[in-house]
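Architecture and fold: a report
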Amino acid sequence: MPVLDLSPKAALVVLDVQQGILGLPLQPHPADRVVDNSARLARAFRAAGLPVVLVNVAHGPDGGAALRPRADVPHNPPVLHPRYSALAPELAAHPGDLLITKRQWGAFTGTELDLQMRRRGIDELVLTGVATNLAVESTARHAYEHGYHVVVAEDATSTFSAEHQDFAIRRILPMIARIDSTDAVLTALTYRSAAGEG
């Protein structure tokens, strides 16, 4: 049995692996690694008959759906070009994939994610995407509060500094999730399929 075990009712949630974000300098994992590992996981979840949820972020053509809180770090979301929210081509939706558009860091608030997961009996979410300490961490926190088990595929995530990645992966996420690698998740899926549990 692999070290990482997955629920037979797991789903993959890929966060913000989209053109307007992938062009930014990411650390510690480059954008192409995040895309490749997320795509590998998506193929494996589909093959196992498990849901794949592709999440993007968009604020509308005028930026009007963006949050603008009073905060010490100013939030000045730009007016986004039309391709900003387009998913990486390697993650183009397949029939049966669920598409979720969010308007903030996390994928639960104001979306159908919880509804869609509960209707399918999902109890565990495997998370990938950008940015680790923003979209991934926020979604993991809400998943935890909704009662889901969470796995983060660390090498399928990245953010804007190695320091932010390290703090999220070592200090915050281990309190609410299991942290492992893309290969570990793939091995767990293979084991489950071989055991007839898929």
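Okay, so let's go over this structure.

A few words now on the overall build of the protein chain. Each helix and strand counted, the protein chain has six helices and six strands in total. For the protein chain, the sequential pattern of α-helices and β-strands runs β-α-α-β-β-α-β-α-β-α-β-α. Seen along its three principal axes, the alpha-carbon backbone of the protein chain occupies a region of about 50 × 35 × 30 Å. Relative to its 198 residues, the protein chain shows a buried fraction of 51%. At a minimum sequence separation of 6, the contacts of the protein chain that also span at least 24 residues come to 82%. On the protein chain, roughly 9800 Å² of surface is accessible, and the fraction owed to carbon and sulfur atoms is 54%. The average position of the 18 basic charges and that of the 21 acidic charges among the side chains of the protein chain differ by 4 Å.

With that settled, the discussion passes to the packing of helix 4 (residues 132-145) against helix 5 (residues 162-172). Interhelical geometry of helix 4 versus helix 5 gives an angle of 20° and a closest axis separation of 10 Å. One finds that helix 4 runs roughly parallel with respect to helix 5. Together, Thr132, Asn133, Glu137 and Arg141 of helix 4 and His164, Gln165, Ala168, Ile169 and Ile172 of helix 5 make up the contact between the two elements. When grouped by side-chain class, the residues that make up the contact of helix 4 with helix 5 number three nonpolar, four polar and two charged.

Time to look at the pairing of strand 2 (residues 52-57). Counted residue by residue, strand 2 has six buried out of six residues, so it is predominantly covered. Taking every second residue as pointing to the same face, both faces of strand 2 are buried, with Val52, Leu54 and Asn56 on one and Val53, Val55 and Val57 on the other. Bridge count for strand 1 (residues 10-15) against strand 2 is four bridges, and the pairing is parallel. Bridge pairing links Leu15 to Val55 in strand 2.

Thresholds applied
Residues numbered from 1 in each chain as written. Predicted model: local features only at pLDDT ≥ 70, side-chain atom pairs only at ≥ 80, totals over all residues. Heavy atoms only, no water. Helix = DSSP H or I, 4+ residues; strand = E, 2+ residues; numbered from the N terminus. Buried < 20%, exposed > 50% of the residue type's maximum accessible area, 1.4 Å probe, protein only. Contact = heavy atoms within 4.5 Å. Areas by Shrake-Rupley, 256 points an atom, 1.4 Å probe, with all protein chains shown as cover. Lys, Arg positive; Asp, Glu negative; His and termini not counted. Charge placed at Lys NZ, Arg CZ, Asp CG, Glu CD. Axes fitted to C-alpha atoms, helices over the stretch in contact; angles between N-to-C directions. Parallel < 35°, antiparallel > 145°, perpendicular 65-115°, else oblique. Nonpolar A, V, L, I, M, F, W, Y, C, P; charged D, E, K, R; others polar. Pairing = 2+ DSSP bridges.

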